[in-house]
Every structure is written in C-alpha cells, then in structure tokens.
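An overview of the molecular structure
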Protein chains: 2
Amino acid sequence: MHYLLGKTIKERRNMLHLTQEDLAAMAGVALRTLKSLEVGKGNPSINTLQKISEVLGMEVRLEVRKLDN
Amino acid sequence: MHYLLGKTIKERRNMLHLTQEDLAAMAGVALRTLKSLEVGKGNPSINTLQKISEVLGMEVRLEVRKLDN
DNA sequence: TCAAAAAGGGCATTATAATGCACTATCTAT
DNA sequence: ATAGATAGTGCATTATAATGCCCTTTTTGA
C-alpha cells in the first residue's frame, strides 16, 4: 500500500550513500522497521516517518491536493 | 507533538463545514481517533492520516526539505 | 569466483495506535 | 438562558506498529 513511500525513502537513502543500518541507527528506529518500510510493508506512524525523513533531509507534509493529479 | 498536524486538519475541516462526526464517518476512522488527532494527541499512522486527508482534499507528501525553513 | 556486506523475510514479543463507551465542556441558534 | 449540537477527555479493550532474533537472498568489492 505504501510502496511509493518506501521507494522514495530507499532512493533518497541510496542517494546519500547510507546503508539501511546507517539510516536506522541515525534515525533511531529499528533496522527491522526500516527494512519493512522500504519494501512497502506496514503502515508507519508519522513519528517513525518523521525520524527517518529528518535524517534524509526530507519532511512529511500535509497539503491541499494540487488540481488534477 | 503533532499539534500542527491536528490544527491543519481542524482548520481544513471547518473550512469545508464538516463536523468531526462527518469527517470521521466519511474517512472511515473512529470519531475518538479524529478527536484525539485534532487536539494534537497521539501519533497517527499514515493510513489514518491518508484516509482523513482524502476527504479533506489533501495529501500526505514526503519531500525534500526546502532550503532554510 | 567467493567472501563479506547489505538487503529481505518469518515469527514471537512488546509498545502503542485505534477504538468504544460514557461523561463533561463548549458552542450555537432560538 | 437554555436545549441541542458539537467538541474534548478518561479509561479499558483490541488491533497492529515497532522491535529483536535469526536465517536466506542478493549485491558488491577484491
């Protein structure tokens, strides 16, 4: 269901040359959690998402949908 | 912690003239869940957030942080 | 090649989000 | 002012996210 989310995280992580282990440690989330997330499994809380996003220099935003797609 | 998130949801909901009961029903989440979320309590999953965002014509996005704030 | 590193997954446990219920507080029209 | 509608909260329960352990698969550098 959140395949795109995991894909985004994985791509950004690779772009920064971080391993899953690096990112998980830096973000303060369990490696197992990050692994699952990246392959699109699970339904992360925004806490988890934000901790990871922080390290990736990204942010979770809630915004009005742009017209069209 | 997610005070801003709840505030955003509440503002958008009022803008659309929906009650918490309306929104919760339309989004398919428990009223209790929405209430807590709007006052900044809890740590919603992105599923919950997305269901609510959908009804509000909003979306949860993960994007690279803009330079500065 | 092939050994080490990195990624992916099964499963049990723990922490906590989601929910229901019942109540109180606040807002809103009359 | 006051009744009904809407919003906020405490607490117990249920569903599930987060985690740890351990093993398999895939990738990568020498």
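Quick look at the structure, then. (Residues numbered from 1 in each chain as written. Chains lettered and ligands numbered in written order. Predicted model: local features only at pLDDT ≥ 70, side-chain atom pairs only at ≥ 80, totals over all residues. Heavy atoms only, no water.)

1. With respect to the layout of surface pockets
Estimated volume of the largest pocket: approximately 490 Å³. Lining the largest pocket we find 19 residues, and of these L4 of chain A together with Q50, V60, R61 and L62 of chain B sit closest to its centre. Only α1 (3–15) of chain A together with α4 (46–56) and β1 (58–64) of chain B provide two or more residues apiece to the lining of the largest pocket. With six residues, β1 of chain B is the single largest residue contributor to the lining of the largest pocket. The class makeup of the residues in the lining of the largest pocket is ten nonpolar, four polar and five charged. Here the second largest pocket defines a volume of roughly 310 Å³. (1 Å grid on protein atoms, 1.4 Å probe; cavity = no way out; pocket = protein on both sides within 12 Å on 5 of 7 lines; lining within 4 Å. Points joined across faces, edges and corners; volume = space filled by probe spheres on them. Helix = DSSP H or I, 4+ residues; strand = E, 2+ residues; numbered from the N terminus. Nonpolar A, V, L, I, M, F, W, Y, C, P; charged D, E, K, R; others polar.)

2. Here we look at unusual backbone geometry
Located in the positive-phi region is H17 of chain A, a residue other than glycine, with phi close to 55°. Structurally, H17 of chain A can be placed in the loop between α1 and α2 (20–27).

3. Topic: the protein's contact with DNA strand C
Residues in contact with DNA strand C amount to 16 residues; listed here are only the nearest, R13, Q20 and R32 of chain A together with T33 and T48 of chain B. K35 of chain A is positioned such that a nitrogen or oxygen atom in its side chain is 2.8 Å from a base nitrogen of DNA strand C. Between DNA strand C and A30 of chain B, the relevant distance is 3.0 Å, taken from a phosphate oxygen to a main-chain nitrogen or oxygen of the residue. Only α1 and α3 (31–38) of chain A together with α3 (31–38) of chain B provide two or more residues apiece to the surface near DNA strand C. Class assignment for the residues of the surface near DNA strand C results in four nonpolar, six polar and six charged. (Near = heavy atom within 4 Å. Polar contact = N/O pair within 3.5 Å; in protein donor to acceptor, adjacent residues only side chain to side chain.)

4. Some words on the relation of the copies chain A and chain B
Of the two same-sequence chains, chain A is brought onto chain B (RMSD 0.0 Å, axial shift 0.0 Å) by a rotation of 180°. In short, the pair behaves as if placed about a two-fold rotation axis. When C-alpha distances to the rotation axis are compared across chain A, the minimum falls at S45 of chain A, with a value of 1.9 Å. Here 100% of the interface residues in chain A have copies in chain B that are interface residues too; the copies meet face to matching face. (Least-squares fit on C-alpha atoms with pLDDT ≥ 70 in both. Contact = heavy atoms within 4.5 Å.)

5. Notes on the nonpolar core
Counting 29 residues, the largest nonpolar core has I9 and I52 of chain A together with I9 and I52 of chain B as its most contacted members. Contact partners of I9 of chain B, with chain neighbours within four places excluded, come to L62 of chain A together with L23, L34, L37, E38, L49, I52 and L56 of chain B. (Core = buried A, V, L, I, M, F, W, Y, C linked by side-chain atoms within 4.5 Å. Buried < 20%, exposed > 50% of the residue type's maximum accessible area, 1.4 Å probe, protein only.)

6. Concerning the interface of chain A and chain B
Contact with chain A, which involves 25 residues of that partner, is made by 25 residues of chain B. Summed over both sides, the interface of chain A with chain B buries roughly 2,400 Å², with 54% coming from carbon and sulfur. The largest share of the area that chain A buries against chain B comes from I46, L62 and R65 of chain A, three residues that together contribute 30% of it. Run the count over chain A and chain B and you get six salt bridges. Across the pair R65 of chain A and E54 of chain B runs a salt bridge, and its minimum N-O distance is 3.7 Å. For the side of chain A that touches chain B, the secondary structure elements donating two or more residues are α1, α4 (46–56) and β1 (58–64) of chain A. Among the residues making up the side of chain A that touches chain B, the classes are represented as ten nonpolar, eight polar and seven charged. (Buried area = accessible area lost by both parts, 1.4 Å probe. Salt bridge = Lys/Arg side-chain N within 4 Å of Asp/Glu carboxyl O.)

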